[in-house]
Structure formats: structure tokens, C-alpha cells
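Chain residues, written in single-letter form:
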Amino acid sequence: MAARLTRLRVIGLYKDLQRLGRDYPDPSYDYNGRMRRLFEKNRHLKTEDEINQAIRLGEFIKQETLALYTLRKYRHLKRMYSDPPTPPPQAQQHPNT
């Protein structure tokens with residue numbers, strides 16, 4: 001029964017990471033491909049401790065990706081709604097010239 005619950009946790013984490021990969025800002029990074037290879041690399045894990053450690057790593061990656069998206073949204077909003085830059089002062093021209 002515990003193996004089935006662990007399997008469901010892993011599948012849920014994989015689906016979450018794949019959904020997050022749709023909006024990854026750098027298309028050349030191949031986020032979804034890297035996540036797939038990471039899960040395939042850990043396919044052979046058998047002990048509960050190793051599996052839980054891999055799940056914790058996946059959760060960490062998920063949190064960091066969400067933080068990256070939040071930062072990207074914040075920067076976009078700041079750029080869109082911040083005060084426009086003030087123009088530089090122009091040099092005074094003398095009436096004699």
C-alpha cells in the first residue's frame with residue numbers, strides 16, 4: 001500500500017513539473033526533457049529513503065521554478081507600471097548665440 005502511495009506522489013510531482021515546464025522562460029534550456037531524464041535516471045531506486053530523497057529534490061526544483069516565475073512576473077509588472085524615466089535636463093542656450 002505504501003508503494004502505491006509513493007508511486008502516486010511521484011506521478012503527481014512529474015505532472016506538476018511538466019505543467020510548469022510549459023511556461024519556462026528559456027526555450028533552449030529544454031526543461032521538460034531534463035525533467036524526464038531526471039525521472040528516468042531515478043527509475044531504479046528501490047528503498048523508501050532513496051525514493052523520498054528524490055521526491056524532496058523534485059519538490060525543491062518545483063519550488064525554485066515557481067519562484068522564478070514569480071520573479072519574472074514581478075519584473076514585468078514593475079517594468080510596465082513604474083514611473084516613466086525623467087528626461088535629462090537640457091542645456092540652457094544663451095540668447096546671444
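For the structure itself, look to the data block above.
A brief report on the enclosed structure follows. (Residues numbered from 1 in each chain as written. Predicted model: local features only at pLDDT ≥ 70, side-chain atom pairs only at ≥ 80, totals over all residues. Heavy atoms only, no water.)

**Remarks on the side chain of Thr 65**
Argument step 1. Mapped onto the elements of the fold, Thr 65 is located in helix H3 (residues 48-81).
Argument step 2. Since its relative accessible area comes to 5%, Thr 65 is described here as buried.
Argument step 3. Polar side-chain contacts of Thr 65 include one of 3.2 Å to the side chain of Tyr 31.
Argument step 4. The residues contacting Thr 65, other than those within four sequence positions of it, are Leu 20, Tyr 24 and Tyr 31. (Helix = DSSP H or I, 4+ residues; strand = E, 2+ residues; numbered from the N terminus. Buried < 20%, exposed > 50% of the residue type's maximum accessible area, 1.4 Å probe, protein only. Polar contact = N/O pair within 3.5 Å; in protein donor to acceptor, adjacent residues only side chain to side chain. Contact = heavy atoms within 4.5 Å.)

**Comments concerning H3**
Argument step 1. In a regular helix each residue adds 1.5 Å, so 34 residues correspond to 50 Å; H3 covers 49 Å between its end C-alpha atoms and thus fits that length.
Argument step 2. Of all the positions in H3, only Ile 51, Asn 52, Ile 55, Gly 58, Ile 61, Thr 65 and Tyr 69 are classed as buried.
Argument step 3. Packing partners of the buried residues in H3 comprise helix H1 (2-21) and helix H2 (31-41). (Expected span 1.5 Å × (residues − 1).)

**Quick look at the layout of surface pockets**
Argument step 1. By volume, the largest pocket amounts to about 740 Å³.
Argument step 2. Along its surface, the largest pocket is lined by 22 residues, and Arg 7, Val 10, Phe 39, Asn 42 and Arg 43 are the ones closest to its centre.
Argument step 3. Only H1, H2 and H3 provide two or more residues apiece to the lining of the largest pocket.
Argument step 4. Among the elements that line the lining of the largest pocket, the one with the most residues is H1, at eight residues.
Argument step 5. Residue composition of the lining of the largest pocket, grouped by class: 13 nonpolar, three polar and six charged. (1 Å grid on protein atoms, 1.4 Å probe; cavity = no way out; pocket = protein on both sides within 12 Å on 5 of 7 lines; lining within 4 Å. Points joined across faces, edges and corners; volume = space filled by probe spheres on them. Nonpolar A, V, L, I, M, F, W, Y, C, P; charged D, E, K, R; others polar.)

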